[in-house]
Amino acid sequence: MSIIKKGITAAMINSGGHFLTLQPDQPVDVVLLHGLDDIQSVDTHSWWDYTPAPHLTCLGEVCPSCALGNEPHISSYYAVVTQTREVKYFIAKPSVITQLQKYEKALGNLAGRLVRLDKTGTGLKTKYSAIMLGKKLDVSKYEVPELESMLGPLTSESQLVKMTEAGIDVTSLKVTKKKVAKKTAPADAVEPVVASVEPDKAPWEDAEETTEEIDGWGTI
Ligand SMILES: [Zn+2]
């Protein structure tokens with residue numbers, strides 16, 4: 001299952017740690033580590049009705065958030081070098097990507113460009129901006145960090161734990177033995193290199209019992 005897609009899409013959630021977070025009216029200058037073609041995007045579930053809202057990476061066919069009807073949105077990750085020479089991911093909002101697209105059209109690939117990121121307002125009035133500062137730096141010694149390991153729990157079981165901790169009611173996810181529909185490959189599909197790979201299954205599709213509640217099984 002490929003959860004990371006390259007290229008320009010929409011965007012956004014907030015995270016800490018490996019991620020660059022902006023505070024209102026505190027602009028941050030960073031150097032872009034790559035051009036727009038190398039933005040990585042991930043489908044993300046944000047449970048906004050809960051505080052703090054859990055943000056969970058969509059697991060596709062085995063995704064508990066999808067099974068509960070939460071619609072994923074796209075988070076776009078742009079690798080940047082901070083003033084302290086750390087490589088971090090900036091989660092780029094669609095408005096920022098639109099601005100950067102204009103710059104890239106005018107200036108060519110944005111790798112090495114110094115940019116000022118800013119956030120103003122709060123709540124629904126929050127606005128993000130990216131302004132080129134006219135400087136280009138050599139970023140060849142920096143590497144784009146591997147994103148997947150930073151994305152938090154990536155198994156159904158561990159996400160269910162997180163959801164339960166956040167107060168999300170997951171009890172409607174009864175363990176059932178659902179038939180997983182066989183996927184028919186499109187005629188022009190490329191044959192997979194690996195001959196037989198077990199399809200990913202949600203734990204509630206895997207179990208034999210049809211009556212057991214979700215919290216009665218599974219470990220992380
Ligand atoms: Zn999902």
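Now for a description of the structure that goes with this document. Keep in mind that what you see is a predicted model, and the values were worked out from it rather than measured.

### Quick word on the nonpolar core
Phase 1 of the analysis: If you look at the biggest cluster of nonpolar residues, it comprises 24 residues, and the most contacted ones within it are Val30, Leu32, Tyr78, Val80, Tyr89, Phe90 and Ala92.
Phase 2 of the analysis: Secondary structure elements with two or more residues in this core: β3 (28-32), β6 (73-81), β7 (87-91), α2 (94-107), β8 (113-120) and β9 (127-136).
Phase 3 of the analysis: Of all the elements, β6 adds the most residues to this core, at four residues.
Phase 4 of the analysis: Setting aside residues up to four positions removed in sequence, valine 30 forms contacts with Leu20, Val80, Val81, Thr82, Phe90, Val115 and Leu117.
Phase 5 of the analysis: Counting residues in each nonpolar core, the second largest holds five residues, with Leu59, Val62, Cys63 and Ala202 among its members.

### Comments concerning α2
Phase 1 of the analysis: Between its first and last C-alpha, α2 extends 20 Å over 14 residues, near the 20 Å set by a 1.5 Å rise per residue.
Phase 2 of the analysis: Taken as a whole, α2 has its buried residues at Val96, Ile97 and Leu100. The arc that holds the buried residues of α2, viewed along the axis, is 95°, so those residues lie on one side. Of the exposed residues in α2, those oriented more than 90 degrees away from the buried face are Thr98, Lys102, Lys105 and Ala106.
Phase 3 of the analysis: Of the surrounding elements, those touching the buried residues of α2 are β6 and β9.

### Structural notes on unusual backbone geometry
Phase 1 of the analysis: In this model, threonine 51 is joined to proline 52 through a cis peptide bond whose omega is -10°.
Phase 2 of the analysis: In this fold, proline 52 is placed in the loop between β4 (40-46) and β5 (55-57).
Phase 3 of the analysis: The phi torsion at aspartate 25 lies on the positive side, around 60°, for a residue other than glycine.
Phase 4 of the analysis: Within the secondary structure, aspartate 25 sits in the loop between β2 (19-20) and β3.
Phase 5 of the analysis: Here the phi dihedral of arginine 85 falls at roughly 65°; this positive angle occurs in a residue that is not glycine.

### Thoughts on the pairing of β6
Phase 1 of the analysis: Taken together, the two bridges between β3 and β6 define a ladder with antiparallel strand orientation. Paired with valine 31 across the bridge in β6 is valine 81.
Phase 2 of the analysis: Here β4 runs beside β6; their pairing, made up of five bridges, is antiparallel. Paired with aspartate 43 across the two strands is isoleucine 74, which belongs to β6.
Phase 3 of the analysis: Note that β6 and β7 share five bridges and pair antiparallel. Each residue of the ladder has a partner; that of tyrosine 77, found in β7, is isoleucine 91.

The rules we used
Residues numbered from 1 in each chain as written. Predicted model: local features only at pLDDT ≥ 70, side-chain atom pairs only at ≥ 80, totals over all residues. Core = buried A, V, L, I, M, F, W, Y, C linked by C-beta atoms within 7 Å. Buried ≥ 20, exposed ≤ 12 C-beta atoms within 10 Å, placed from the backbone. Helix = DSSP H or I, 4+ residues; strand = E, 2+ residues; numbered from the N terminus. Contact = placed C-beta atoms within 7 Å. Expected span 1.5 Å × (residues − 1). Arc of directions from axis to C-beta. Pairing = 2+ DSSP bridges.

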